[in-house]
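Below are the chains, spelled out letter by letter.
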Amino acid sequence: MNEQAVNLDRYPAYLYDLSGLETHIRQIRATLDGTELFYAAKANPDAEILRTLAPHVDGIEVASGGELAHVQETLFDARIAFGGPGKTDEELSQAIKVDRIHVESPSELARLAALGSADILLRANLPLSTPNAALAMSGPFGMDEDALTECARLLEDNPHITLRGVHAHLASGLDAPTMLDLAHQIADWALPWLKSLGVDDPELNVGGGMAVDYTSPQSRFDWTLYGTGLTHIPATVRIEPGRAMTAYHGWYVTDVLDVKTTHGDTYVILRGGTHHLRTPVTKGHNQPFTVLTASGLESPATLVGQLCTPKDVFARNVPVPPLSRGDVIAFTMAGAYAWNISHHDFLMHPKPAFHYLR
């Protein structure tokens, strides 16, 4: 953690390490021999993060008209893939000229076909096992084989829509061996099906979902194993990581407002809260952290924010040194699904500041 984190002009603040992020993306890129790499903007669409990643990725994946407009404004010439299960007619019109549209249903395909020409991937919801997944992308995401067959019939009647391949992001939070096995299972189903439809140079987007372990910040996804294994799939393979690229390069830094003991339990009340950093309450984990301005014999305490809800918890019963008002704590691994996924306006507290290490 840089000394800048202790001397920020105000708290709470997000601190993004752009230099570390660029080093990380270079390392990931070096493991991908021929695999296309798109960044999932939903993980963190901060403009400076997008600009840092842009030279090292093949494109950006967006999932709304708002994300599309933001990315196009920030990265004028970026290749863009547009996904998401609830695209409006306005969004489809907005996305008609992007690199790829991930079609989620026959109805969506019919609405898209009425707008003009487009290059598409059909999103498949395949009944494949995803052991130990943190999140299974089932339900409304993608199509089963009956819906995919209906899409194939629609494509015959709409030759101005070009089928390029299949998108199949089935789960998140998987390690490299599991993800690689899943990618090959997807390919075993998708490639013969695409060939039967006359797709001669198929594309296979196997999504993101690379595991990020908040209980072990030093553990990292095995990109070398994954990248090497993907080269054996006889198609143009694309991946769309988000969290696994940016999570490690952001901190949420804040200060102590109060320390109190209630029924024998110690609570450290911090400025801000999970309306700024929703990750721990969403995933049900203790957010990793570093105490920057105190030391001494540690004892258990629960780190909470300012919100009027008992769910406003960053970390529960974790060892901390003696803390007092004004001490500074930096929550690590806050570079993805943190500020941008949080309920900012609950209680209308001030927004955090943003700083960048270059």
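Scroll up to find the structure this text is about.
These remarks concern the structure in this document. Here the structure is a predicted model, which is why all the values come from computation and not from measurement.

Pairing in this closed barrel of 8 strands is parallel, and the strands run β2-β3-β4-β5-β6-β8-β10-β11 around the ring. Each neighbouring strand pair of the sheet contributes to a mean axis angle of 30 degrees, computed without reference to strand direction. Where strand β8 (residues 161-167) lies against strand β10 (residues 203-205), 3 bridges are found, and the strand directions are parallel. The partner of H167 across the bridge, within β10, is N205.

A word on the pairing of strand β12 (residues 250-262). One ladder, built from 4 bridges, connects strand β1 (residues 13-17) with β12; its direction is antiparallel. Bridged to A13 within β12 is V253. Relative to strand β13 (residues 265-270), β12 is paired through 6 bridges, and the arrangement is antiparallel. Bridging across to β13, T262 finds its partner in D265. Linking two consecutive strands that pair antiparallel, namely β12 and β13, is a turn of 2 residues; a positive phi of about 50 degrees is found at H263 within it.

The next subject is the environment of I233. By secondary structure assignment, the location of I233 is in the loop between α8 (223-230) and β11 (236-239). Given the relative accessible area of 5%, I233 is considered buried. Each residue touching I233, except ones within four places of it in the same chain, is listed here: A183, H184, A187, L191 and L204.

What follows covers the packing of aromatic side chains. To describe a pair of aromatic rings, you give the distance between the ring centres and the angle between the ring planes. A complete count under the given rule lists 12 aromatic pairs for this structure. Ring geometry for Y16 versus Y356: centroids 5.9 Å apart, planes at 45 degrees, classification tilted. With Y16 in strand β1 and Y356 in strand β18 (residues 353-357), this pair connects stretches of sequence that are 340 residues apart. The exposure class assigned to Y16 is buried, which follows from its relative accessible area of 2%. Owing to a relative accessible area of 24%, Y356 belongs among the partly exposed residues under this scheme. For the pair W189 and W193, a centre-to-centre distance of 5.4 Å together with 20 degrees between the ring planes defines the contact as stacked. Linking W189 with W193, this pair stays in helix α7 (residues 176-196), spanning 4 residues, or about one helical turn.

Attention now moves to the environment of G20. Topologically, G20 is positioned in helix α1 (residues 18-31). Given a relative accessible area of 19%, G20 falls into the buried group. Counting along the chain gives 172 residues from G20 to P192, while the straight-line C-alpha distance between them is 41 Å.

The next thing to look at is α1. Here α1 contains 14 residues, and its C-alpha end-to-end distance of 20 Å stays within 8% of the 20 Å for a straight helix at 1.5 Å per residue. Those residues of α1 that sit buried are L18, G20, L21, H24, I25, I28 and T31. Angular distribution of buried residues about the axis of α1 spans 155 degrees; they occupy a single face of the element. Exposed residues on α1 whose side chains face more than 90 degrees from its buried face are Q27 and A30. N-capping of α1 is provided by D17, with a side-chain oxygen placed 3.4 Å from the backbone N of S19.

Once their charged atoms are close, side chains differing in charge can pair, the charge on each being opposite to the other. Inspection of every chain in the model, using the stated rule, returns 18 salt bridges. Put simply, R79 and D99 hold a salt bridge, and the shortest N to O gap is 3.2 Å. Taken as a pair, R79 in the loop between α3 (65-74) and β4 (80-82) and D99 in the loop between α4 (89-95) and β5 (100-103) lie far apart in primary sequence, 20 residues in all. Judged by relative accessible area, which is 30%, R79 ranks as partly exposed. A single network of salt bridges, built from pairs that share partners, joins E36, R79, D99, R100, D119, R164, E203 and R238.

What counts and how
- Residues numbered from 1 in each chain as written.
- Predicted model: local features only at pLDDT ≥ 70, side-chain atom pairs only at ≥ 80, totals over all residues.
- Heavy atoms only, no water.
- Pairing = 2+ DSSP bridges.
- Helix = DSSP H or I, 4+ residues; strand = E, 2+ residues; numbered from the N terminus.
- Axes fitted to C-alpha atoms, helices over the stretch in contact; angles between N-to-C directions.
- Buried < 20%, exposed > 50% of the residue type's maximum accessible area, 1.4 Å probe, protein only.
- Contact = heavy atoms within 4.5 Å.
- Phe/Tyr/Trp six-rings, centres within 6.5 Å; stacked < 30°, edge-to-face > 60°.
- Expected span 1.5 Å × (residues − 1).
- Arc of directions from axis to C-beta.
- Polar contact = N/O pair within 3.5 Å; in protein donor to acceptor, adjacent residues only side chain to side chain.
- Salt bridge = Lys/Arg side-chain N within 4 Å of Asp/Glu carboxyl O.

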